[in-house]
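Given next are the chains, with one letter for each unit.
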Amino acid sequence: MTVTTQHDPPAGADPPAAEPPPDPADLGAMFDAYARDLLRYAGQRVGEQVAEDVVAQTFLIAYEQRHRYDGTRGAMLPWLYGICGNLLRRHHRTEVRALRAVAATHAADEVAPDARSAERVDAQRAVARVATALAKLPRRQREVLLLFAVAELEYAEIALALGIPLGSVQSALHRARTKIKSALSATGGSR
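First, a word on what this report is: a plain description of the structure on this page. On a predicted model such as this, the values are computed, not experimentally measured, just so you know.

### Describing the overall build of the chain
Moving on, step 1. Along its length, the chain carries 8 helices and 0 strands.
Moving on, step 2. The secondary structure elements of the chain, listed N-terminal to C-terminal, are α-α-α-α-α-α-α-α.
Moving on, step 3. Counting the 191 residues in the chain, one finds 33% classified as buried.
Moving on, step 4. In the chain, once contacts between residues fewer than 6 apart in sequence are set aside, the share between residues at least 24 apart is 66%.
Moving on, step 5. Of the roughly 11,900 Å² of accessible surface on the chain, a fraction of 52% belongs to carbon and sulfur atoms.

### Considering the pattern of salt bridges
Moving on, step 1. Tallied over the full model, the rule gives 2 salt bridges.
Moving on, step 2. The salt bridge partner of arginine 89 is glutamate 143, with a shortest N-O separation of 2.7 Å. Separated by 54 residues along the polypeptide, arginine 89 in helix α3 (residues 76-90) and glutamate 143 in helix α6 (residues 139-149) bring together distant segments of the chain.
Moving on, step 3. Owing to a relative accessible area of 27%, arginine 89 belongs among the partly exposed residues under this scheme.
Moving on, step 4. A relative accessible area of 2% places glutamate 143 in the buried class.
Moving on, step 5. Salt-bridge contacts for arginine 139 lead to glutamate 143; the nearest nitrogen and oxygen are separated by 3.6 Å. Linking arginine 139 with glutamate 143, this pair stays in helix α6, spanning 4 residues, or about one helical turn.
Moving on, step 6. With a relative accessible area of 43%, arginine 139 lands in the partly exposed category.
Moving on, step 7. Within this structure, Arg89, Arg139 and Glu143 form a network of salt bridges that share partners.

### Considering the packing of aromatic side chains
Moving on, step 1. Under the definition given, this model contains 4 aromatic pairs.
Moving on, step 2. Ring centres 5.0 Å apart and planes at 50° place the aromatic pair tyrosine 69 and tryptophan 79 in the tilted group. Of this pair, tyrosine 69 sits in the loop between α2 (48-64) and α3 while tryptophan 79 sits in helix α3, placing them 10 residues apart in sequence.
Moving on, step 3. In this structure tryptophan 79 comes out as buried when scored by relative accessible area, which is 17%.

### Description of the environment of glutamate 152
Moving on, step 1. Mapped onto the secondary structure, glutamate 152 falls in the loop between α6 and α7 (155-162).
Moving on, step 2. When the C-alpha positions of glutamate 152 and aspartate 37 are compared, they lie 9.4 Å apart, and in sequence the two are 115 residues distant.

### Here's the deal with helix α5 (residues 118-136)
Moving on, step 1. In this model α5 runs 27 Å from its N-terminal to its C-terminal C-alpha over 19 residues, within 8% of the 27 Å that 1.5 Å per residue would give.
Moving on, step 2. Among all positions in α5, only Val121, Gln124, Ala128, Arg129, Ala131, Ala133, Leu134 and Ala135 are buried.

### Focus on the environment of serine 185
Moving on, step 1. Topologically, serine 185 is positioned in helix α8 (residues 166-186).
Moving on, step 2. For serine 185, a relative accessible area of 39% translates into the label partly exposed.
Moving on, step 3. Sequence separation between serine 185 and arginine 129 is 56 residues; the distance between their C-alpha atoms is 9.4 Å.

Reading guide: rules and limits
Numbers given to residues run from 1 along each chain, matching the order in which its sequence is written. Reporting of local features is limited, given that this is a predicted model, to residues whose pLDDT is at least 70; pairs of side-chain atoms are given and counted only at 80 or more, and all residues count toward the totals for whole chains, interfaces and linings. Note that the side-chain values use all heavy atoms of the structure and ignore hydrogens as well as water. Strands here mean DSSP runs of E at least two residues long; helices mean DSSP runs of H or I at least four residues long; both are numbered from the N terminus. Residue exposure (1.4 Å probe, protein chains only): buried if accessible area is under 20% of the type maximum, exposed if over 50%, otherwise partly exposed. Contacts were defined at the residue level, with two residues in contact if any of their heavy atoms lie within 4.5 Å. Areas reported here follow the Shrake-Rupley algorithm with a probe of radius 1.4 Å; residue values treat only the protein chains shown as occluding. Salt bridge, as used here: a side-chain nitrogen of Lys or Arg that lies within 4 Å of a carboxyl oxygen of Asp or Glu. Only Phe, Tyr and Trp rings are paired, with Trp represented by its six-membered ring, and only when their centres lie within 6.5 Å; those with planes under 30 degrees apart are stacked, over 60 edge-to-face, the remainder tilted. Expected span of a helix, by definition, is 1.5 Å for each gap between consecutive residues, and there is one gap fewer than residues.

In structure tokens form, the structure reads like this:
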């Protein structure tokens with residue numbers, strides 16, 4: 001059985017022709033090409049309502065600073081993720097509070113075993129542990145982990161988005177993964 005992702009072409013299909021990125025001066029084309037990716041990423045970080053505002057701001061700033069985009073340094077999407085990440089940092093306190101609230105909600109949401117299956121309770125505990133661990137991660141480690149896991153960026157794209165060296169991305173991701181694994185195994189074991 002072969003499993004394909006949205007990024008994989010169907011078996012036997014010709015590889016898609018690489019389309020040039022939209023012109024940064026064409027706000028509509030940029031939005032059409034990248035809004036969905038940015039909304040998914042920002043939505044995972046701060047919720048749908050705030051994400052829509054952050055993404056709208058991202059495109060406005062990108063348009064205003066279009067002269068700063070250098071296509072020779074990399075793709076447009078990581079550049080937009082960098083702008084989005086800067087805006088999300090402004091919402092840092094809200095993000096940490098939300099992660100702590102998720103942790104508290106899932107920890108307090110445990111109901112008698114006959115009302116919910118043991119697997120559901122275990123899953124809620126795991127969500128609470130992960131949310132708590134995410135809230136405790138240093139900002140850079142959290143951003144690198146979320147750009148990798150949620151936005152599905154490659155290491156080089158994360159480096160470009162955050163304006164940090166590739167080695168820093170690799171070490172931050174390693175440290176973040178280690179802390180999350182530790183949080184999952186600390187009180188109940190990971191699967």
